[in-house]
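Residue-level structural notes
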Amino acid sequence: QVQLVESGGGLVQAGGSLRLSCAASGSIFNLATMGWYRQGPGKQRELVATITSTGSTDYADSVKGRFTISRDNAKKTVHLQMNSLEPEDTAVYYCNLEVAVWRLDYWGQGTQVTVSS
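None of the values given here were measured: they were computed from a predicted structure. The residue count restarts for each chain, going from 1 along the sequence in the order it is written. Only residues with pLDDT of at least 70 get local features here, since the model is predicted, and only at 80 or more are side-chain atom pairs given and counted; chain-wide, interface and lining totals rely on the full set of residues. Only heavy atoms go into the side-chain values, all of them from the structure, while hydrogens and water stay out.

The next subject is the state of the cysteines. Cysteine sulfur atoms are paired as a disulfide whenever they fall within 2.5 Å. Per the counting criterion, the structure on display carries one disulfide. Put simply, cysteine 22 and cysteine 95 are joined by a disulfide, and their sulfur atoms are 2.1 Å apart. Given an S-S torsion of about -80°, the disulfide between cysteine 22 and cysteine 95 has left-handed geometry. Of this pair, cysteine 22 sits in strand β3 (residues 18-24) while cysteine 95 sits in strand β9 (residues 91-99), and the two are 73 residues apart along the sequence. Strands are runs of DSSP state E lasting at least 2 residues, helices are runs of H or I lasting at least 4, and numbering of each runs from the N terminus.

A separate point is the environment of leucine 80. Looking at the secondary structure, you find leucine 80 in strand β8 (residues 77-82). Taking relative accessible area as the criterion, leucine 80 reaches 0% and is therefore assigned buried. Each C-alpha atom, one on leucine 80 and one on valine 5, is 13 Å from the other, the two residues being 75 residues apart in sequence. Two residues qualify as a contact provided that any one of their heavy atoms is within 4.5 Å of a heavy atom in the partner residue. With near-sequence residues (within four places) excluded, leucine 80 lies in contact with Leu18, Arg19, Leu20, Trp36, Val48, Ala49, Phe67, Thr68, Ile69 and Tyr93. The rule is simple: take the accessible area with a 1.4 Å probe, protein chains only, and divide by the maximum for that residue type; under 20% is buried, over 50% is exposed, in between is partly exposed.

Bringing the sheet that holds strand β1 (residues 4-7) into the picture now. Taking strand neighbours across the sheet as the criterion, the four strands line up as β1-β3-β8-β7 in an open arrangement whose pairing is antiparallel. On the outer flanks of this sheet lie β1 and β7 (67-72), each paired with one strand and no other. The average undirected angle you get between the axes of adjacent strands in this sheet is 15°. Any two strands with at least two DSSP-identified bridges between them are counted as paired. With six bridges joining them, β7 and β8 adopt antiparallel strand pairing. Residue pairing in the sheet places aspartate 72 in a bridge with threonine 77 of β8. Each axis is a line fitted through C-alpha atoms, and for a helix only the stretch in contact is used; angles between axes span 0 to 180 degrees, taken between their N-to-C directions.

Turning our eyes to something else, we now look at the nonpolar core. For soluble globular proteins, nonpolar side chains are generally found buried alongside one another. Formed by 32 residues in total, the largest nonpolar core has its most connected members in Leu4, Met34, Trp36, Leu80, Met82, Tyr93 and Leu97. Counting residues per element, the ones that place at least two in this core are β3, β4 (33-39), β5 (46-51), β7, β8, β9 and β11 (111-116). A per-element tally of this core places β9 first, with five residues. Joining through side-chain atoms within 4.5 Å is the link that ties buried Ala, Val, Leu, Ile, Met, Phe, Trp, Tyr and Cys residues into a set, and such a set is a nonpolar core.

Here you go:
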């Protein structure tokens, strides 16, 4: 069983930075693609960034150049460094762990990020 615990959310002014972390339990972290998703008020959940087991990254166009996803396999942790935050980034941010070949898909409980203008 895998558990994902996010931390690092909070309230920040526009232009500020936050760093989200997601700690995973279990033994499959090194095999998994890790992702950050978000769901803003009245919006559907959307992809923010992913990082594969080999370190390849992908970003939503809206966050390219501002957000950076990284992972520490030894600590089973994935981070999302968010810079130049905008009010439009306000959302609940969710950590995701996926091992597609085994059809495994796990979600964290979410952490709130609020960006004030």
